[in-house]
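Architecture and fold: a report
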Amino acid sequence: MKNTDKRIDSYINKSSDFAKPILIHIRNLVHKVCPDVQEKIKWGMPFFDYQNEMLCNMAAFKNHCSFGFWKASLMKDFDKIFSVNNENGMGHFGKICKLSDLPSDKIISSCINEAMKLNDEGRKSKIFTKEKKKDLQMPDYFRDALMKSPQLTETFDKFSLSNKREYIEWLTEAKSETTRNKRLQTALEWISDGKPRNWKYMKKYSGK
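Attention in this report is confined to the structure presented alongside it. (Residues numbered from 1 in each chain as written. Predicted model: local features only at pLDDT ≥ 70, side-chain atom pairs only at ≥ 80, totals over all residues. Heavy atoms only, no water.)

Turning next to the sheet that holds strand β1 (residues 38–42). Taken in spatial order, the four strands of this open sheet run β1-β2-β3-β4, and their pairing is antiparallel. Where the open sheet ends on each side, the last strands, each with one partner, are β1 and β4 (65–69). On average, each strand axis in the sheet is inclined to that of its neighbour by 25 degrees, with strand direction left out of account. Its contacts with the sheet place helix α2 (residues 19–33) against β1, β2 (45–50), β3 (53–60) and β4, and it is angled at close to 165 degrees to β3. (Pairing = 2+ DSSP bridges. Helix = DSSP H or I, 4+ residues; strand = E, 2+ residues; numbered from the N terminus. Axes fitted to C-alpha atoms, helices over the stretch in contact; angles between N-to-C directions. Contact = heavy atoms within 4.5 Å.)

Next comes the structure, spelled out in structure tokens:
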């Protein structure tokens, strides 16, 4: 493989034993389909760039791995495999605990090719357009926290305007930095699960 980054070698080596074959397989497949891909470490995670734009990324957690595409919101997902709301874990393929949790190489290769085409065409994700930033008046610290994860960014982008505003108001109404930081951490956890700010009062989540 060319255009590799030794930091990703280190990332894989430091990952749990269950995660290593998953990360190695994803990495090899991305390079096979996209030989010109460039490896990077962004926000502490391995990323794969193509045409100077983010293509996809992977990550290892305590009990699972994730794999996702930066422009998934523009992809057609013909095989209906994306878990875009992150209800099953971060990433567009849910929680990946073993190699068999991944779709077939043929399907993943098709997704990589589609993502490459979007980069070739210069297509831009609609996430966080200037109009939305102005309308929602999103604080920089919240936007920066979301942008550290493509999956968090995309999940938040799919919320309704009112659900977005509820999170923003909850954070900006905090009377101290300590409270704000605590709320921010909670917000990121809930968003990663696809939950709106007031999910506890919704039948879908409360079971009522």
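Our next topic: the pattern of salt bridges. Across all of its chains, the model carries 11 salt bridges by this definition. Notably, a salt bridge pairs D140 with R143, separated by 2.3 Å at the nearest N-O pair. Here the residue D140 and the residue R143 both occupy positions in helix α5 (residues 140–147), the gap between them amounting to three residues, near one helical turn. (Salt bridge = Lys/Arg side-chain N within 4 Å of Asp/Glu carboxyl O.)

This part covers the pairing of β2. Among the six residues in β2, six count as buried, and that is most of the element. Judged by which residues are buried, β2 turns out to be covered on both faces: M45, F47 and D49 on one side and P46, F48 and Y50 on the other are all buried. When β1 meets β2, the two strands line up antiparallel, connected through five bridges. Bridged to K42 within β2 is M45. (Buried < 20%, exposed > 50% of the residue type's maximum accessible area, 1.4 Å probe, protein only.)

Looking at the secondary structure, you find I191 in helix α8 (residues 177–192). Residue class for I191 comes out buried when judged on its relative accessible area of 0%. Here the alpha-carbon distance between I191 and T153, two residues 38 residues apart in the chain, equals 9.1 Å. Excluding anything up to four places from it in sequence, I191 contacts F142, L146, L152, T155, F156, F159 and Y167.

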